Amino acid sequence: MELLILLGLPLGGAALLALCGDRRWAPEATVLASLGTFLAGCALTARVIADGPQLVWNEQFFIDPFNVFLVALTAFVGFTTSLFSRTYMRVEAHHGKLSPQRLRLYHSMFQLFMFTMLLALLTNNMGILWVAMEAATLSTVLLVSLYRTPASLEAAWKYFILCGVGIALALFGTILLYFAAEKVLGSEGMSALLWTHLNGVKDRLEVTVLSIAFVFLLVGYGTKVGLAPLHNWLPDAHAEGPTPVSAVLSGLLLNVALYAVVRCKVLVEGSVRSELPGRMLMGFGLGSVLVAAFFLWRQKDIKRLFAYSSIEHMGIVTFAFGMGGPVADFAALLHMTVHSLTKSAIFFVVGHAAQKTGTQLIEGIRGLLVLSPTVGWGLMLGTLAILGMPPFGVFASEFLILTTAMRDHPWATPLLLLALGVAFGAVFSRVQPMVFGETTATRLPHPPALLPVFAHLSLVLMLGLWIPPFLAQWYRLAAAMIG
């Protein structure tokens, strides 16, 4: 029942809002659907904690500690984003940027995107996982192009083409995955693509084909993670789409794509019994961290700045999963959590700052603390959190990753420290005058909705000081399954 509600509410909400999304009550309907989805996610999480991993609906859906915490995180960020967008999108409409038809498209596609993310996390079928990721691409293309400006249309096309190529490579990898399992599970037909079946016989799968499949799956899904050099779509999509879309792209889509990569890594490492998958993840991750850190110095648009920060942090998580082991996997899961919460909070604040000043250019945003202390402090605290300042949770996860790298891969530690230092200087030097400089902003007809911002940052602060025992147990169980 929890699973039915969790998937049915966003899908039903998308259908309803496709018809009525231009009504005045549409934002409230989006909030209610997202709240119901979050409560269903909490109920499903409680069931998994109490009863252990679940196989339901003829084994087509599988819930374990790895994906159930991501389900809860996805539903929570989706709910807080719907709260933020309720005010934000009304201001955009007030400024004449959105027509009622585009508001209807936004509300319906937002709910459809949430459905595809949850479906990708919960499905046990690697083929359905690919379908869900493709559907997520199509729904977010429409969201990125919502303003219909030349820049937003160009960003949407770049996103569609690059992620389309990536998802095509992932499809080929999925076909190869089925081919690798054919001799063992061929008699089961399409159920041979069930992850639990593949995981049960991974030591008997065709090693050569499986290794090639992982390359295609990593490159394909890695495109959606934003791993360098496949990252070019991400800054444009974040900069040109509405701010709520930037929040869910950075906070949810990247996590789910990386989840797909890690599921594939578990199969391949168990079959090949080689360090190759881990080393490939470490290489892509470290390259992404370095590329993003130096690109941060060239950014003049505030949303592009934090988009490159997302590339950097997903590179850190990918590197940690590549190292493997209980500590590195625990730290990677923690970093996925705190990055999603922090980065979505930052985009919420950046959206209000851009509305107040009428520009996304960093030079045009000054003195936020003078005009609106809550917006100014939200941006500064979010920036300090994402840069890894203690006692926020990002510091805790990065500390675990760095100490593990010092012990197991000392050659990578100087490169990570260099990238983190460069990123710190690039981001802080740009945000500081935005918060403390002389104000250039004007007041808005609607007060900013900053409750989601400080709710997210409070959770990130808590995770830096104390991880609740049930959450720590999730991470341990998931890390054991991955490693």
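Residues numbered from 1 in each chain as written. Predicted model: local features only at pLDDT ≥ 70, side-chain atom pairs only at ≥ 80, totals over all residues. Heavy atoms only, no water.

(A) Main features of the overall build of the chain. Within the chain, the secondary structure is distributed over 19 helices and two strands. Relative to its length of 483 residues, the chain is compact, with a C-alpha radius of gyration of 21 Å against a globular reference of 23 Å. For the chain, the C-alpha atoms occupy an extent of roughly 65 × 55 × 45 Å along the three principal directions. When each of the 483 residues of the chain is scored for burial, the buried share is 61%. (Helix = DSSP H or I, 4+ residues; strand = E, 2+ residues; numbered from the N terminus. Rg over C-alpha atoms; globule rule 2.2 N^0.38 Å. Buried < 20%, exposed > 50% of the residue type's maximum accessible area, 1.4 Å probe, protein only.)

(B) Layout of the environment of cysteine 42. Checked against the element boundaries, cysteine 42 lands in helix 2 (residues 26-51). Relative accessible area serves as the criterion here: at 33%, cysteine 42 is assigned to the partly exposed category. For the pair cysteine 42 and leucine 6, spaced 36 residues apart in sequence, the C-alpha separation works out to 9.7 Å.

(C) Just a nonpolar patch on the surface, in detail. Judged by side-chain polarity, Leu138, Leu153, Trp157, Phe160, Ile161 and Val165 come together as a nonpolar surface patch covering roughly 570 Å² of accessible area. Ranked by residue count, the leading element in the nonpolar patch is helix 6 (residues 150-185), at five residues. By secondary structure assignment, the location of valine 165 is in helix 6. (Patch = residues over 30% accessible without salt bridge, like charges linked within 9 Å, V, L, I, M, F, W, Y side chains within 5 Å. Areas by Shrake-Rupley, 256 points an atom, 1.4 Å probe, with all protein chains shown as cover. Salt bridge = Lys/Arg side-chain N within 4 Å of Asp/Glu carboxyl O.)

(D) Fine view of the packing of helix 11 (residues 276-295) against helix 12 (residues 302-323). Taken N-terminus to C-terminus, the directions of helix 11 and helix 12 make an angle of 155°; their axes are 7 Å apart at the nearest point. Judged by the angle between their axes, helix 11 and helix 12 are roughly antiparallel. In the packing of helix 11 onto helix 12, the handedness of the crossing is left-handed. Where helix 11 approaches helix 12, its residues Gly278, Leu281, Met282, Gly285, Leu286, Ser288, Val289, Ala292 and Phe295 are matched on the opposing element by Tyr308, Ile311, Glu312, Gly315, Ile316, Thr318, Phe319, Phe321, Gly322 and Met323. Here the contact of helix 11 with helix 12 is built from residues that sort into 12 nonpolar, six polar and one charged. (Axes fitted to C-alpha atoms, helices over the stretch in contact; angles between N-to-C directions. Parallel < 35°, antiparallel > 145°, perpendicular 65-115°, else oblique. Left-handed = near helix turned anticlockwise from the far one by under 90°. Contact = heavy atoms within 4.5 Å. Nonpolar A, V, L, I, M, F, W, Y, C, P; charged D, E, K, R; others polar.)

(E) Local environment of unusual backbone geometry. Following alanine 228, the chain continues to proline 229 via a peptide bond in cis, the omega torsion being 5°. Here proline 229 shows up in the loop between helix 8 (207-225) and helix 9 (233-240). Going from proline 390 to proline 391, the amide bond is cis rather than trans, its omega being 5°. Residue placement: proline 391 occurs in the loop between helix 15 (373-386) and helix 16 (393-408). Here the phi dihedral of arginine 148 falls at roughly 60°; this positive angle occurs in a residue that is not glycine.

Everything listed is a geometric property; what it means functionally is a separate question.
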